[in-house]
Amino acid sequence: MATPMLALPRAGTGGDAEGRRGILPLGASVAGAGVLMVMAGLVGAYVALKSATAAWPPQDTEFDNYTATTLTLTLLMAMTSIEWAAYGIRKGFRGQALFAFALAIGLALAHLNGLAYLVNGFEFAIGSSAYATVVHALCIVPFLAGLVALGGVVHVTLRAIGHQLTVENLSLLRGAAILWHVASIAWFIAYYTVYVTK
């Protein structure tokens, strides 16, 4: 008597295909929540150290407000671009979607380059003081989250170029967009903490 062969269903098929498609945005949301919890912990450390330290920030600390504000505006444009790309895929406007993907990637690269420049321009070493340590951490976490999110956006863009991104698997794009939005929110938190409230 022959034993029946067991095989996994082809991607995108099967009774629970819809459930599997929803896993990616859920996973991205959980990972994003973890990143934001790390940022909340760093803000808590910043506030606690600020209340316990007489000179906060240290005297003669210079703030590159221009670069920090430009990075914030760049992220707002990148967040809009990734949602524009999603709109283009949903409506079948492939040209618009590809242009929006290219714009989002360009803005993401500009942001990460600017953030690296900002951190490298700090006049204090990472372990020179409590202030230096927490400020470096507040800026490095959004940078690392942005790198991961950029990888997701590039992957989705390549899928779109290859005609492999449609309404049926839009959850792939939604997951990448969630990661990018989380990385952006992480920077907004760092910007407000370090450059607005000081």
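Bear in mind the structure is a predicted one, so any value in this text is a computation, not a measurement.

Novice: Could you give an account of the overall build of the chain, naming the residues involved and the relevant values?
Specialist: Summing up its helical and strand segments, the chain has six helices and zero strands in all. Traced from its N-terminal end to its C-terminal end, the chain shows the element sequence α-α-α-α-α-α. Here the chain holds 198 residues, and the buried ones make up 40% of them. Sequence-distant contacts in the chain: of pairs separated by 6 or more residues, those separated by 24 or more amount to 76%.

Novice: Please give an account of a nonpolar patch on the surface that cites residues and values.
Specialist: On the surface, Ile126, Ile140, Leu144 and Leu147 cluster together into a nonpolar patch covering about 340 Å² of accessible area. Residue position: Leu147 is located in helix 5 (residues 130-161). Assessed through its relative accessible area of 42%, Leu147 is described here as partly exposed.

Novice: Residues and numbers for the packing of aromatic side chains, please.
Specialist: Tallied over the entire structure, the rule returns eleven aromatic pairs. Residues Phe63 and Tyr195 carry aromatic rings whose centres are separated by 6.0 Å and whose planes lie at 80 degrees to one another, so their mutual orientation is edge-to-face. Of this pair, Phe63 sits in the loop between helix 2 (23-52) and helix 3 (65-91) while Tyr195 is found in helix 6 (residues 170-197), placing the two residues 132 residues apart along the sequence. The class of Phe63 is partly exposed, set by a relative accessible area of 22%. Between Tyr191 and Tyr195, the ring centres sit 6.1 Å apart and the planes meet at 25 degrees, which makes this aromatic pair stacked. Highlighted residues: Tyr191 and Tyr195, both in helix 6, separated by four residues, approximately one helical turn.

Novice: Mind laying out empty space enclosed by the protein, listing which residues take part and the relevant values?
Specialist: With the rule as written, the count across this model stands at one cavity of 30 Å³ or more. Approximately 40 Å³ is the volume found for the largest cavity. Considering the residues around the largest cavity, the lining is formed by Thr61, Glu62, Phe63, Phe122, Phe124, Tyr131, Val135, Val194 and Tyr195. Among the secondary structure elements, those contributing two or more residues to the lining of the largest cavity are helix 5 and helix 6.

Novice: An account of the environment of Gly175 is requested, with residue identities and associated values reported.
Specialist: When you line up the elements, Gly175 lands in helix 6. Here the alpha-carbon distance between Gly175 and Val156, two residues 19 residues apart in the chain, equals 9.6 Å. Beyond its immediate chain neighbours, meaning those up to four positions away, Gly175 contacts Leu24, Pro25 and Ala28.

Novice: A description of the pattern of salt bridges should follow, citing residues and the corresponding values.
Specialist: Counted according to the given criterion, the structure contains one salt bridge. Here Glu83 makes a salt bridge to Arg174, at a shortest N to O gap of 3.0 Å. Separated by 91 residues along the polypeptide, Glu83 in helix 3 and Arg174 in helix 6 bring together distant segments of the chain. A relative accessible area of 28% places Glu83 in the partly exposed class.

Novice: So what about the nonpolar core? Which residues, and what values?
Specialist: Core analysis: the biggest nonpolar cluster contains 52 residues, and Phe101, Leu173 and Trp187 have the highest contact counts within it. Secondary-structure elements contributing two or more residues to this core are helix 2, helix 3, helix 4 (94-120), helix 5 and helix 6. With sequence-adjacent residues up to four places away left out, Trp187 is seen in contact with Ala68, Leu71, Thr72, Leu75, His111, Leu115, Leu118, Cys139, Pro142 and Tyr195.

Novice: A description of the side chain of Thr74 should follow, citing residues and the corresponding values.
Specialist: Turning to its location among the elements, Thr74 is positioned in helix 3. By relative accessible area, which is 11% here, Thr74 ends up buried. Within the local environment of Thr74, its side chain forms a polar contact with the backbone oxygen of Thr70, the two atoms lying 2.8 Å apart. Ignoring any residue separated from it by four or fewer positions in sequence, one finds Thr74 in contact with Leu107 and His111.

Novice: How would you summarise the packing of helix 2 against helix 6 if you had to cite specific residues and measurements?
Specialist: Put simply, helix 2 and helix 6 touch, their axes get as near as 8 Å, and they point 5 degrees apart. Viewed along their axes, helix 2 and helix 6 adopt a mutual orientation that is roughly parallel. Split by residue class, the contact of helix 2 with helix 6 holds 17 nonpolar, six polar and two charged.

About the cut-offs
Residues numbered from 1 in each chain as written. Predicted model: local features only at pLDDT ≥ 70, side-chain atom pairs only at ≥ 80, totals over all residues. Heavy atoms only, no water. Helix = DSSP H or I, 4+ residues; strand = E, 2+ residues; numbered from the N terminus. Buried < 20%, exposed > 50% of the residue type's maximum accessible area, 1.4 Å probe, protein only. Contact = heavy atoms within 4.5 Å. Patch = residues over 30% accessible without salt bridge, like charges linked within 9 Å, V, L, I, M, F, W, Y side chains within 5 Å. Areas by Shrake-Rupley, 256 points an atom, 1.4 Å probe, with all protein chains shown as cover. Salt bridge = Lys/Arg side-chain N within 4 Å of Asp/Glu carboxyl O. Phe/Tyr/Trp six-rings, centres within 6.5 Å; stacked < 30°, edge-to-face > 60°. 1 Å grid on protein atoms, 1.4 Å probe; cavity = no way out; pocket = protein on both sides within 12 Å on 5 of 7 lines; lining within 4 Å. Points joined across faces, edges and corners; volume = space filled by probe spheres on them. Core = buried A, V, L, I, M, F, W, Y, C linked by side-chain atoms within 4.5 Å. Polar contact = N/O pair within 3.5 Å; in protein donor to acceptor, adjacent residues only side chain to side chain. Axes fitted to C-alpha atoms, helices over the stretch in contact; angles between N-to-C directions. Parallel < 35°, antiparallel > 145°, perpendicular 65-115°, else oblique. Nonpolar A, V, L, I, M, F, W, Y, C, P; charged D, E, K, R; others polar.

Read these as spatial facts, not as claims about activity.
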